Amino acid sequence: MPRPTGNVRLKAARVAARFNSQQELADALTKYARELGIRGLSIGVRQVRRWESDAPPWPQPDCQRALMHLLGTSMEALGFTPPWGMEGHHSDHARRNPVAGGTAALGMAVVPARAGATPQPATTATDFEAVSRSHRRLYWSVAPTALHPAVVAQATLGCALLPETTEATHSRIAAALAETYLLAGRIEFFDLCEPGRANRTLLQALQAAGEADDPLLGSAILAHMAFIPGWAGDRDGALERMTAARTYARRALASAEFLAWLDAVEAECETRCGNTRTGLHLIGHAEDILKSGNEHSSPEWMDWFSPARLAAFKGNTQMIAGHLPQARETLLGALDTMAPGEEKQRTVVYGDLAAVEAASGKPEQACEYAGLALDQLAVTWYATGMDRVREVRRALAPHQHERCVRDLDDRLYDWSTTVSALSR
């Protein structure tokens, strides 16, 4: 018996939704677009035929919204492949989680459409934005394992709301959804140490930012995506994402702070790929940008960067480059200028100071800074900070029989720290 050909997933979903012919689906899509006020969208049977072919083209955003709303599932589940490629990632994930698996979809409906549904009022956007803003603030104090499910649930709600909105309300919810997915991706990468999952989530964020037509938010998402290959030593992958991030930033009114942060991200990627000289050059450029300033203000959602954090980037790069006295001075200066709310970054700086002292042959001072990092981690957990402490402990292997290192081991592997490290 011959195997079915063409995009059988879309055809199956169409028949399951009781659109027995391609023409019926085309008519329903056009009617749906008219009801939601999507101007100029007329879908013919020829378009549906192309979507059900062996190589279905990736639909335009408005068509995606209509398809998912009527058929009640994600674009990947309908047999479409995003133009940027998600091979090897989406199929199993989509089966487990239609919201996260269907990220390429803009509009991302995960429930069947309500016949003749009235568009959501403008107050829906205000309320949805308020929750996204609250989650962003909670990130700095709430345990990531406690916050992450709430952020994902907020994204699920946004996916359901988006197809029920029009015009300004639609754009506002899309932007807030992009922020929500960005926060989820940050937690997955920096706190839960799941880079593959973070990459998928950040792709969702990028799609939502595109639906909102917010290039600055898109730039921020792309720069976060650069961390993933950068930390893995894939320089080409990191630079490709940074080039895209800078391209998007040029389309918006980027603040000096935002442009300096892009330099800092690229500097960290270069440093992790072994190019500390390039990293230091980029950090110097970032310092010049901050010094010169510009008339544009930073967006409210950009709460992860400051001059103190740029100094922390610089100190880390100096330390890896072997410039230990300069690194020590820079990192101490970063600590002095950190504001309340920067506790997660403080653990990283303590860890880097411990690494400087370990490299300088001063185990007691290294253990002292590592202890301060553990003190802060007991209050505000941060996987990246714990990674720094573990790196220091490995560097202290030649001194492992000294009392200070044994005391550090007692703290590093006490019940609470061990359980926290393994459960988060």
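Definitions and cut-offs
Residues numbered from 1 in each chain as written. Predicted model: local features only at pLDDT ≥ 70, side-chain atom pairs only at ≥ 80, totals over all residues. Heavy atoms only, no water. Helix = DSSP H or I, 4+ residues; strand = E, 2+ residues; numbered from the N terminus. Buried < 20%, exposed > 50% of the residue type's maximum accessible area, 1.4 Å probe, protein only. Contact = heavy atoms within 4.5 Å. Polar contact = N/O pair within 3.5 Å; in protein donor to acceptor, adjacent residues only side chain to side chain. Salt bridge = Lys/Arg side-chain N within 4 Å of Asp/Glu carboxyl O. Phe/Tyr/Trp six-rings, centres within 6.5 Å; stacked < 30°, edge-to-face > 60°. Lys NZ or Arg CZ within 6 Å of the ring centre and 35° of its normal.

Draft legend 1. Summary view of unusual backbone geometry. The phi angle at Glu167 is positive, at roughly 50 degrees, despite the residue not being glycine. Within the secondary structure, Glu167 is located in helix H9 (residues 167-191). Exposure remark for Glu167: the relative accessible area of 55% places this residue in the exposed category. A positive phi angle, near 55 degrees, is found at Cys193, a position not held by glycine. Tracing the chain through its elements places Cys193 in the loop between H9 and helix H10 (195-212).

Draft legend 2. Representation of the environment of Phe190 within the structure. Along the chain, Phe190 falls in helix H9. Taking the C-alpha atoms as reference, Phe190 lies 9.7 Å from Pro144; in sequence the two are 46 residues apart. Those residues in contact with Phe190, other than ones at most four positions away along the chain, are Tyr139, His224, Phe227, Trp231, Tyr382, Ala383 and Thr384.

Draft legend 3. Main features of the environment of Thr124. Residue position: Thr124 is located in helix H7 (residues 122-138). For Thr124, a relative accessible area of 12% gives the class buried. Residues Thr124 and Leu161 lie 37 residues apart in sequence; the distance between their C-alpha atoms is 8.6 Å. Apart from residues no more than four positions distant in its own chain, Thr124 is found in contact with Leu161 and Ile173. Within polar-contact distance, the side chain of Thr124 engages the side chain of Gln120 at 3.1 Å.

Draft legend 4. Layout of the pattern of salt bridges. Enumeration over the complete set of coordinates arrives at 20 salt bridges. Here Arg133 ties to Glu300 by a salt bridge, and the two come within 4.0 Å at their closest N and O atoms. In this pair, Arg133 sits in helix H7 while Glu300 sits in the loop between helix H14 (276-292) and helix H15 (307-320), placing the two residues 167 residues apart along the sequence. You can call Arg133 partly exposed: its relative accessible area is 26%. With a shortest N-O distance of 2.9 Å, Arg246 and Asp263 are connected by a salt bridge. Of the two residues, Arg246 sits in helix H12 (residues 235-250) while Asp263 sits in helix H13 (residues 256-272), which places them 17 residues apart along the sequence. We classify Asp263 as buried; its relative accessible area is 3%.

Draft legend 5. Spotlight on the packing of aromatic side chains. The tally for this structure, following the rule as stated, stands at 12 aromatic pairs. With 5.3 Å between their ring centres and 55 degrees between their planes, Trp261 and Trp304 make a pair best called tilted. Of this pair, Trp261 sits in helix H13 while Trp304 sits in the loop between H14 and H15, placing them 43 residues apart in sequence. Here Trp261 matches Trp304 in class, with each residue buried. Here the aromatic cluster, defined as three or more aromatic residues joined through ring pairs, consists of Phe189, Phe190, Phe227 and Trp231. When the ring centre of Tyr248 is taken as reference, the NZ or CZ atom of Arg251 above it lies at 4.6 Å. Over the ring of Tyr139 we find Lys344; its NZ or CZ atom is 3.4 Å from the centre of that ring.

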